[in-house]
Amino acid sequence: MFKCALTTALLASVACAIASAQAVAAQTPESKAKLDEARALFVQGQAAYKEGRLMQARTKLEQAYGLAPSAELDFDLGRIYERTGEPGAAIAHFRKYLSSNLDAAERARIETRIQILLALAARQGAQLAEPAPSSAALTAEARAFFDRGKKFFRRGQYEPALAAFAAAQRFA
């Protein structure tokens, strides 16, 4: 019984090794170059993420994903979108990640993250549905700060946007 299981496991690992070697050998120079470029972009994205440059990390990882989509990139992009407050994109990447081969504990963690992000998306949607302050309620100075804050927010520059919104509130 043990000998049969060992033989089966050995044959399976040899078959995987052969299939892997055939896949590598079947790569064209173009596909190898594409994969190398994706790896370089991934490394650059990971470095930017570790340094807190989330927008640059997102750009690099999206470029890598365009060249060579993978479950690891889905997870990493999901984390970046989660941290930048973009729950829709985070949920999409985490759902793709769920389709990969995960153990039960990791699957549960990702499903919990998705539920939290769905709640965040609902809260953000409710906030966006509220009307903006009327022009009559804001002084001209407050309106200028408010408009500046909207421009920063649309560009993804959240800290300057927050400062501009705070200034608008002080002048209102």
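What you see is a predicted model, and the numbers here were worked out from it, not measured in a lab. (Residues numbered from 1 in each chain as written. Predicted model: local features only at pLDDT ≥ 70, side-chain atom pairs only at ≥ 80, totals over all residues. Heavy atoms only, no water.)

### Some thoughts on the overall build of the protein chain
We apply this condition: Helix numbers and strand numbers start at the N terminus; a helix is a DSSP run of H or I with at least 4 residues, a strand a run of E with at least 2. Burial classes follow relative accessibility: with a 1.4 Å probe on protein chains only, a residue under 20% of its type's maximum area counts as buried, one over 50% as exposed, and anything between as partly exposed. Working rule for contacts: check all heavy atoms of both residues, and any pair within 4.5 Å makes them a contact.
Scanning the protein chain from N- to C-terminus turns up eight helices and zero strands. Each helix and strand of the protein chain, ordered N terminal to C terminal, gives the series α-α-α-α-α-α-α-α. Across the 172 residues in the protein chain, those meeting the buried criterion constitute 26%. If you take every contact in the protein chain between residues at least 6 apart in sequence, the share linking residues at least 24 apart comes to 38%.

### Notes on the confidence of the model for the protein chain
Spelled out, the test is: As a per-residue measure, pLDDT reflects the predictor's confidence and takes values from 0 up to 100.
Model confidence for the protein chain is summarised by a mean pLDDT of 81, while 77% of its residues fall at 70 or above. Across residues 1-25, confidence stays below pLDDT 50; counting only partners more than four residues off in sequence or on other chains, it has zero contacts.

### Points about the packing of helix H2 (residues 29-50) against helix H4 (residues 71-83)
Spelled out, the test is: The convention used is that axes are lines fitted to C-alpha atoms, helices contributing only their stretch in contact, and that angles between N-to-C directions extend from 0 to 180 degrees. The scheme is simple: roughly parallel for angles under 35 degrees, roughly antiparallel for over 145, roughly perpendicular for 65 to 115, oblique for anything else. Take the far helix as your reference; a near helix turned counterclockwise from it by less than a right angle gives a left-handed crossing, and one turned clockwise gives a right-handed crossing. Three categories are distinguished: nonpolar for Ala, Val, Leu, Ile, Met, Phe, Trp, Tyr, Cys and Pro, charged for Asp, Glu, Lys and Arg, and polar for the others, with Gly belonging to the last.
The N-to-C vectors of H2 and H4 enclose an angle of 30°; their axes lie 12 Å apart at closest approach. Compared by their axis directions, H2 and H4 come out roughly parallel. Two packed elements cross with a definite hand, and for H2 against H4 that hand is left-handed. Contacts between H2 and H4 pair Phe-42, Gln-46 and Tyr-49 from the former with Glu-72, Leu-73, Asp-76, Arg-79, Ile-80 and Arg-83 from the latter. When the residues that make up the contact of H2 with H4 are grouped by side-chain class, the tally is four nonpolar, one polar and four charged.

### Thoughts on the nonpolar core
Keep this limit in mind: Nonpolar cores were defined as sets of buried Ala, Val, Leu, Ile, Met, Phe, Trp, Tyr and Cys residues, with membership established by side-chain atoms within 4.5 Å.
Phe-94, Ile-110 and Ile-114 are the most contacted members of the largest nonpolar core, which has 24 residues in total. Beyond its immediate stretch of four places on either side in the chain, Ile-110 contacts Phe-75, Phe-94, Tyr-97 and Leu-98.

### Quick notes on the pattern of salt bridges
Stated formally: A pairing counts as a salt bridge when a side-chain nitrogen of Lys or Arg comes within 4 Å of a carboxyl oxygen of Asp or Glu.
A complete count under the given rule lists ten salt bridges for this structure. Among the salt bridges present, the one from Glu-106 reaches Arg-109, with a minimum N-O distance of 2.7 Å. A residue pair is termed a helical-turn pair when its members lie 3 or 4 positions apart in one helix, as Glu-106 and Arg-109 do in helix H6 (residues 104-129) at three residues. When the shortest N-O distance is used, the salt bridge between Asp-147 and Arg-143 registers 3.6 Å. Linking Asp-147 with Arg-143, this pair stays in helix H7 (residues 140-154), spanning four residues, or about one helical turn. Several salt bridges converge on common partners, so that one network encompasses Lys-32, Asp-36 and Arg-39.

### Regarding the packing of aromatic side chains
The geometry of an aromatic ring pair is captured by the separation of the ring centres together with the interplanar angle, meaning the angle of the planes. Just so we agree on the cut-off: Side-chain rings of Phe, Tyr and Trp, where Trp is taken by its six-membered ring, are said to pair if the distance between their centres is within 6.5 Å; with planes under 30 degrees apart they count as stacked, over 60 as edge-to-face, and otherwise as tilted.
Scanning all chains against the criterion turns up four aromatic pairs. With centroids separated by 5.9 Å and ring planes inclined at 55°, the aromatic side chains of Phe-75 and Phe-94 adopt a geometry described as tilted. Linking Phe-75 in helix H4 with Phe-94 in helix H5 (residues 87-98), this pair joins segments that are 19 residues apart in sequence. Like Phe-75, the residue Phe-94 is buried in the burial classification. Judged by centre distance (5.3 Å) and plane angle (70°), the ring pair of Phe-153 and Tyr-158 falls under edge-to-face. Of the residues examined, Phe-153 reaches a relative accessible area of 44% and is grouped as partly exposed. A residue is classified by how much of its surface remains accessible, and Tyr-158, at 33% relative accessible area, is partly exposed. Through a chain of ring-to-ring contacts, three or more aromatic side chains come together here, namely Phe-75, Phe-94 and Tyr-97.

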